[in-house]
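# Structure assessment
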Amino acid sequence: MKITEYIKQHILLLDGGMGTLLQERGLMPGELPERWNLTHPDAILEIHTSYFDSGSNVINLNTFGANRLKYTSEELDAVIGAAVRLGRQAQEQSCGKQPKWLALDLGPTGRMLKPYGDLDFEDAVEIFAQTVRIGVRHGVDLIMIETMNDSYETKAALLAAKENSTLPVFVSNAYGEDGKLMTGATPAAMTAMLEGMGADAIGVNCSQGPAALGNVVEEYLRCASVPVLLKPNAGLPRAVDGKTVYDVAPKEFASAVAALVKKGVRVAGGCCGTTPDYIEALRQACEEITPCPVVKKSETCVSSYARTVTFGGLPVLIGERINPTGKKRFQEALRRQDMDYILREGLSQEEKGAHILDVNVGLPDICERELLCRAVCELQAVTALPLQIDTSDPVAMEAALRRYNGKAMINSVNGKRESMDAVFPLAKKYGGLVVALTLDENGIPARAEERLAIARRIVGRAEEYGLDRKDLLFDPLALTVSADATAARETLRAVELIRRELGCHTSLGVSNVSFGLPARDLVNGTFFAMALERGLSAAILNPYSAEMQKTYATYCALAGLDPNCASYIAYASTLSTSPASASPAVSAGESKAALSSENPLQHAILKGLREQAALLTRELLQAREPLSVVQEEIIPALDAVGIGFESKTVYLPQLLMSAEAAKSAFEVIKGAMAGRSGASRCGFLLATVKGDIHDIGKNIVKLLLENYGFAVTDLGRDVPPERIADEAVRLHSPIVGLSALMTTTVPAMEETILLLRKRAPWCRVIVGGAVLNPEYAAAIGADYYAKDAMGAVRYAEEIERTI
């Protein structure tokens, strides 16, 4: 039986942890666990067999970190081939009678993707693809992508799996205490992207104990139309007599997971700290549970790396200004590839209340494919708003969709067969909400019923490609009333008919109705209100329009979509000073950071505008001393975004882009201070410990510390304890920061701390990483546990004051 059929009727049990069991059997600090497939096959076979004997339907092969960043091509093939052979042996010799499958386990690369890191998206895809191809050749049954804390890397892994195999793919992410990925994605955002790309099961692993992940799991169950999986840790780790232990026992673990199985989880197992005893307890706890049916959801939505926009509640505003049509200044910016101009336009529309940004860069004399990709990537680096990719060129469309981080809007398809056959395969492969225009080979029908007929054909053709109608957003096309007095009426009737007859949501380019008329905003505003009353779900419009803002604010209040009329009151309070500045669709808490029109450099840093930050710094240096610019402009901006990050109103990508903008400003400052002795804060020695090649967290800490003026020495990753101690002594470093992502490398961190205490007793040691917590950090001898990069900065500032 295929696993995708089995899961429809049964609860699928996964295995538990691997790393902690290998440590018990002698895995040394810094030793690559996957190599044990070759050097200690009996230990791997024993662990796999024990999990099957305990009731696991699926074991993850010992390939979590098997990729070309760690292994040569020859060794990678040998490691994965041995893993599959050991898995098959375990299947054969296990006493368990349940169906059994082998999963190729794909973990993160340990590097952050551009623009926040140095790994290109396509390079990440190929890293995963090579592992997938080898796994498929050796005969794995499915692919398990797990422990991903970055939505973009998750997409790269899933794309590699889908492009290089026809196997089922399960995808699991690691969430923080705030219920979000490290890069800001919620379960709803991940569901939108992963379902759109065709994942067969999705959910959460690692992170915390089962009870702490309850809210994350319930959000998956609310959003997902595919089976939801749960593979939590055995609680939190701590050190006892030099060994790592976890605080949730097997029966407690099984009870907590089973409670979530009763709510709808269909795939369950364990992660760090769990053993065959945990899986046996879980099997017993789930024996009498009748699986909940996997219910198909009808939610129409789009997402970015951090935000989901859902259609059907509050009307959705799509900002139309990133489009060269009729905009000479914008056309000039495109020809000059002035990306800062495009970014400022996007950020300004966000501030005016847009929920989604339309992105169209089509001009006859430019390479649309290249520029659209660049615009999409750079916009996503500075704004969390989802994007509508707007092009008639399928090649440019695919290139942009491939790079897009999330589930994009696709603008557009129409009733022509060639249009649907070009766009629908892209939507099926990459996911997306397709804007469908009600026109065909005969043009735009005059009557609403004829537009409905085209919409029906589009729905039918989409279903042939495996697309659901929830992923179609119909635009019944507003035509100008100056040419046809019935045009507005028929468009409004089409809006109503499509919603009632097909159950699909609608969108309109509102301003088209007023072409050729004077005072167009007056007509647009009234037409917008009429369309909203007929059930319009979204509108692409100019968010700077005072009339549109007024219509939107008043309609939401009158339609009961504005609790306590709070947004309307906020909007009305601005009318006496500047009507156009009102943004009723966005509350203050949703913006990245407060604007500072009086401090343009601070604004540029807050928004992550690198080129503008450098330009403004040069201008300020004409009248001010460099240190004044640093202390009164750059550091306050960094503090503001840091506070936003600590309070969870700013996400990691925004923090990093602000830090990059500040770095651009600092480079200008350094040039101005050439030949002068610049003030520098105390030294800070950084390293990822022996055996761990994951350096995302370390690199983030480095970037922020340097922006705050600390003299950082970065030893890199996989650094032996002796080298860290040697450098701490040589530099007489007052602070040493150590990073580890994997449970198998925490012993190397403890060994390093012991050596530092012996050879550099003056230094303070900060530790960080996903497998740590304050209690565990204290148990291995660290002075401080940094929950995130800003925590490391704050502690370093405290230490500096005592030196």
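For the structure given in this document, a descriptive report is provided here. Starting from 1, residues in each chain are numbered consecutively following that chain's sequence as written. A pLDDT threshold of at least 70 governs which residues receive local features in this predicted model, and a stricter bar of 80 or more applies before side-chain atom pairs are shown or counted, although totals over entire chains, interfaces and linings include all residues. Hydrogens are left out, water is left out, and the side-chain values use all remaining heavy atoms of the structure.

### Structural notes on the overall build of the protein chain
The condition is simple: A run of DSSP states H or I qualifies as a helix once it reaches four residues; a run of E qualifies as a strand once it reaches two. Both are numbered from the N-terminal end. Here the globule rule reads 2.2 Å times residues to the power 0.38, and the radius of gyration is calculated from C-alpha atoms. Under the scheme applied here, a residue whose accessible area is under 20% of the maximum for its type counts as buried, over 50% as exposed, and between as partly exposed, the area being computed with a 1.4 Å probe on protein chains only. Contacts were defined at the residue level, with two residues in contact if any of their heavy atoms lie within 4.5 Å. Using a 1.4 Å probe, the Shrake-Rupley method yields the accessible areas, and only the shown protein chains count as cover for residues. Lys and Arg are tallied as positive, Asp and Glu as negative. Neither His nor the chain termini are counted. Taken as the charge location is NZ of Lys, CZ of Arg, CG of Asp or CD of Glu.
Along the backbone of the protein chain there are 30 helices and 25 strands. Taken over C-alpha atoms, the radius of gyration comes to 28 Å for the protein chain, in line with the 28 Å a tight globule of 803 residues would show. Overall, the protein chain is about 85 × 75 × 50 Å in size when its C-alpha atoms are taken along their principal axes. Burial statistics for the protein chain: of 803 residues in total, 60% are counted as buried. Long-range pairs, those at least 24 residues apart, make up 75% of the contacts in the protein chain with a sequence separation of at least 6. Just so you have it, the protein chain exposes about 30,200 Å², and 51% of that area is on carbon and sulfur atoms. Where the 83 positive side-chain charges of the protein chain centre and where its 98 negative ones centre are 2 Å apart.

### Here's the deal with the pairing of strand β13 (residues 316–322)
Let me state the cut-off plainly: Following DSSP output, two strands are said to pair if at least two bridges run between them.
Most of β13 sits out of view: five of its seven residues are buried. Examined bridge by bridge, β13 and strand β20 (residues 538–541) share four bridges and lie parallel to one another. Bridging from a neighbouring strand, V316 pairs with A538 of β20.

### Side note on helix α30 (residues 789–802)
To keep things clear, this is the line we draw: Here the expected span of a helix is defined as 1.5 Å times the quantity of residues minus one. Whenever a nitrogen or oxygen atom comes within 3.5 Å of another N or O atom, the pair is scored as a polar contact, on the condition that within protein one atom can donate a hydrogen and the other can accept it, and that pairs from neighbouring residues in sequence are kept only if both atoms are in side chains.
Compared with an ideal rise of 1.5 Å per residue, which puts 14 residues at 20 Å, α30 spans 21 Å between its outermost C-alpha atoms and is within 8% of the ideal. Where α30 is buried, its residues contact α24 (626–646), β21 (683–688), α26 (696–707), β23 (735–739), β24 (764–768) and β25 (784–785). Structurally, the start of α30 carries an N-cap: the backbone nitrogen of M790 is 3.3 Å from a side-chain oxygen of D788.

### Structural notes on the side chain of T383
Inspection of the secondary structure puts T383 in the loop between α14 (368–382) and β15 (387–390). Within the local environment of T383, its side chain forms a polar contact with the side chain of E350, the two groups lying 2.9 Å apart. Only 3.1 Å separates the side chain of T383 from the backbone nitrogen of L385, close enough to count as a polar contact.

### Focus: the sheet that holds strand β22 (residues 711–714)
Cut-off, in case you're wondering: Comment: axis = line fitted to C-alpha atoms, over the contacting stretch for helices; angle = value between 0 and 180 degrees taken between N-to-C directions.
Taken in spatial order, the five strands line up as β22-β21-β23-β24-β25 in an open sheet, and their pairing is parallel. Looking along the sheet, the strands with just one partner apiece sit at the ends: β22 and β25. Pairing between β21 and β23: four bridges, direction parallel. The partner of T688 across the bridge, within β23, is S739. Packed onto the sheet, helix α28 (residues 746–759) meets β23 and β24 and runs at close to 175° relative to β24.

### Describing the environment of P445
Among the secondary structure elements, P445 is positioned in the loop between β17 (433–437) and α17 (448–464). P445 sits in the buried class, given a relative accessible area of 13%. In sequence terms P445 and K758 are 313 residues apart; their C-alpha atoms lie 83 Å from each other. Sequence-distant contacts of P445, that is, excluding residues within four places in its chain, are made with T438, E450, R451 and I454.

### Thoughts on the sheet that holds strand β16 (residues 409–414)
With parallel pairing, the eight strands of this closed barrel are ordered in space as β13-β14-β15-β16-β17-β18-β19-β20. Strand-to-strand, the axes of this sheet are offset by a mean angle of 30°, without reference to chain direction. Pairing of strand β18 (residues 472–475) with strand β19 (residues 505–509), which is carried by two bridges, proceeds in the parallel orientation. Counted as the bridge partner of F474 is T506 from β19.

### Thoughts on the state of the cysteines
A covalent bond bridging the sulfur atoms of two cysteines is what the word disulfide describes. What counts, and what does not: Two cysteine sulfurs form a disulfide in these notes if their separation is within 2.5 Å.
Inspection of every chain in the model, using the stated rule, returns zero disulfides. Free cysteine: C377, not disulfide-bonded; nearest cysteine sulfur from C373 at 6.1 Å.

### With respect to the pattern of salt bridges
Filter applied, for reference: When a carboxyl oxygen of Asp or Glu lies within 4 Å of a side-chain nitrogen of Lys or Arg, that pair is called a salt bridge.
One pass over the structure, following the stated rule, counts 54 salt bridges. Between D440 and R457 there is a salt bridge whose closest N-O contact spans 2.7 Å. Here R457 lies in helix α17 and D440 lies in the loop between β17 and α17, a separation of 17 residues in the sequence. Put simply, D639, E646, R681, R794, E797 and E800 are held in one network by salt bridges that share partners.

### Observations concerning the side chain of E345
The topology assignment puts E345 in helix α13 (residues 339–351). Within the buried set, E345 has no salt-bridge partner at all; the shortest N-O distance to an opposite charge, 4.3 Å, is to R321. If we skip the residues at most four places from it in the chain, E345 touches R321, I322 and Y544.

### Re the environment of R469
If you trace the backbone, R469 turns up in the loop between α17 and β18. By relative accessible area, R469 is classed as partly exposed at 31%. Taking the C-alpha atoms as reference points, R469 and I366, separated by 103 residues in sequence, lie 35 Å from one another. Sequence-distant contacts of R469, defined by excluding residues within four places in its chain, comprise V459, E463, L502 and C504.

### Quick notes on α13
The terminal C-alpha atoms of α13, which comprises 13 residues, lie 18 Å apart, in line with the 18 Å expected from a rise of 1.5 Å per residue. Of all 13 residues in α13, ten are buried, a share of seventy percent or more. Buried residues of α13: M339, D340, Y341, I342, L343, E345, G346, L347, Q349 and E350, and no others. Where the residues of α13 are buried, they touch β13, α12 (328–335), β14 (356–359), α14, α22 (600–607) and α23 (610–621). In the segment just after α13, G353 is the residue with positive phi, at about 110°.

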